[in-house]
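Chain by chain, the residues:
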Amino acid sequence: QVQLVDSGGGLVQAGGSLRLSCAASGLTFSNYAMAWFRQAPGKEREFVAAISFSAGNRNYADSVKARFTISRNNAENTAYLQMNSLKTEDTAVYYCAAGRIYVGLKMYEYEHWGQGTQVTVSS
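### A look at the state of the cysteines
Now for step 1: This structure, assessed with the given rule, holds one disulfide.
Now for step 2: Across the disulfide, C22 is cross-linked to C96 (sulfur-sulfur distance 2.1 Å). Every disulfide takes its handedness from the sign of the S-S torsion; for C22 and C96 that torsion is 55°, giving right-handed. Here C96 lies in strand β9 (residues 92-99) and C22 lies in strand β3 (residues 18-25), a separation of 74 residues in the sequence. A single burial state applies to C22 and to C96, both of which are buried.

What follows is the structure in structure tokens.
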């Protein structure tokens, strides 16, 4: 049974940093692209960042480029999202996702999802 467990969310002031983690089990982690999506209240879930199974390819939404960094540790079956210079508009529930693809930016490309972790950025 595949399980993705998101963690690391919390309350932070604007300009601060957080690091999200996604611990995977029940799959061959190194065969999967990993991604982070987020959903703010009243809005659709949107792409944030993705990393290929070998970490050779990383993609970011324009809104987070130069502030967020996605990474992975295949030996520990864990993906990360380092978020710096956080803004109030980054407030959302963040979801990690795993897909048996090279790398993707669309929700339908990912078949396994975490439960989400809340990130709240105060002004």
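### Some points on the sheet that holds strand β7 (residues 68-73)
Now for step 1: The strand order across the open sheet built from four strands is β1-β3-β8-β7, with neighbouring strands paired in antiparallel fashion. Lying at the two open borders of the sheet, with one neighbouring strand each, are β1 (3-7) and β7. With direction set aside, neighbouring strand axes in the sheet form an average angle of 15°.
Now for step 2: Strand direction decides the pairing type here: β3 and strand β8 (residues 78-83), joined by six bridges, are antiparallel. Its bridge partner lying in β8, L20 is registered against L81.

### Digging into the packing of aromatic side chains
Now for step 1: For the structure on display, the rule yields four aromatic pairs.
Now for step 2: Note on F37 and Y110: the rings are 5.8 Å apart at their centroids and 70° apart in plane angle, and the pair reads as edge-to-face. A residue pair is termed long-range when its members are at least 10 positions apart, and F37 in strand β4 (residues 33-39) and Y110 in the loop between β9 and β10 (112-113) qualify at 73 residues.
Now for step 3: Given a relative accessible area of 4%, Y110 falls into the buried group.
Now for step 4: The class for F37 is buried, based on a relative accessible area of 1%.

### A few points about the side chain of D90
Now for step 1: With respect to the helices, strands and loops of the structure, D90 is situated in the loop between β8 and β9.
Now for step 2: Those residues in contact with D90 that lie beyond four places of it in its chain are R38, R67, F68, S85, V119 and V121.

### Some points on the pairing of β7
Now for step 1: Across the two faces of β7 the burial differs, with F68, I70 and R72 buried and T69, S71 and N73 not buried at all.
Now for step 2: From the end of β7 to the start of β8, which pair antiparallel, there are four residues, and N77 there has a positive phi angle of about 55°.

### Some thoughts on unusual backbone geometry
Now for step 1: One non-glycine residue, A66, adopts positive backbone phi at about 75°.
Now for step 2: Within the secondary structure layout, A66 lies in the loop between β6 (58-60) and β7.
Now for step 3: Given the relative accessible area of 87%, A66 is considered exposed.
Now for step 4: The backbone phi angle of S85 is positive, close to 50°, even though this residue is not glycine.
Now for step 5: Assignment of secondary structure puts S85 in the loop between β8 and β9.

The rules we used
Residues numbered from 1 in each chain as written. Predicted model: local features only at pLDDT ≥ 70, side-chain atom pairs only at ≥ 80, totals over all residues. Heavy atoms only, no water. Disulfide = S-S within 2.5 Å. Helix = DSSP H or I, 4+ residues; strand = E, 2+ residues; numbered from the N terminus. Buried < 20%, exposed > 50% of the residue type's maximum accessible area, 1.4 Å probe, protein only. Pairing = 2+ DSSP bridges. Axes fitted to C-alpha atoms, helices over the stretch in contact; angles between N-to-C directions. Phe/Tyr/Trp six-rings, centres within 6.5 Å; stacked < 30°, edge-to-face > 60°. Contact = heavy atoms within 4.5 Å.

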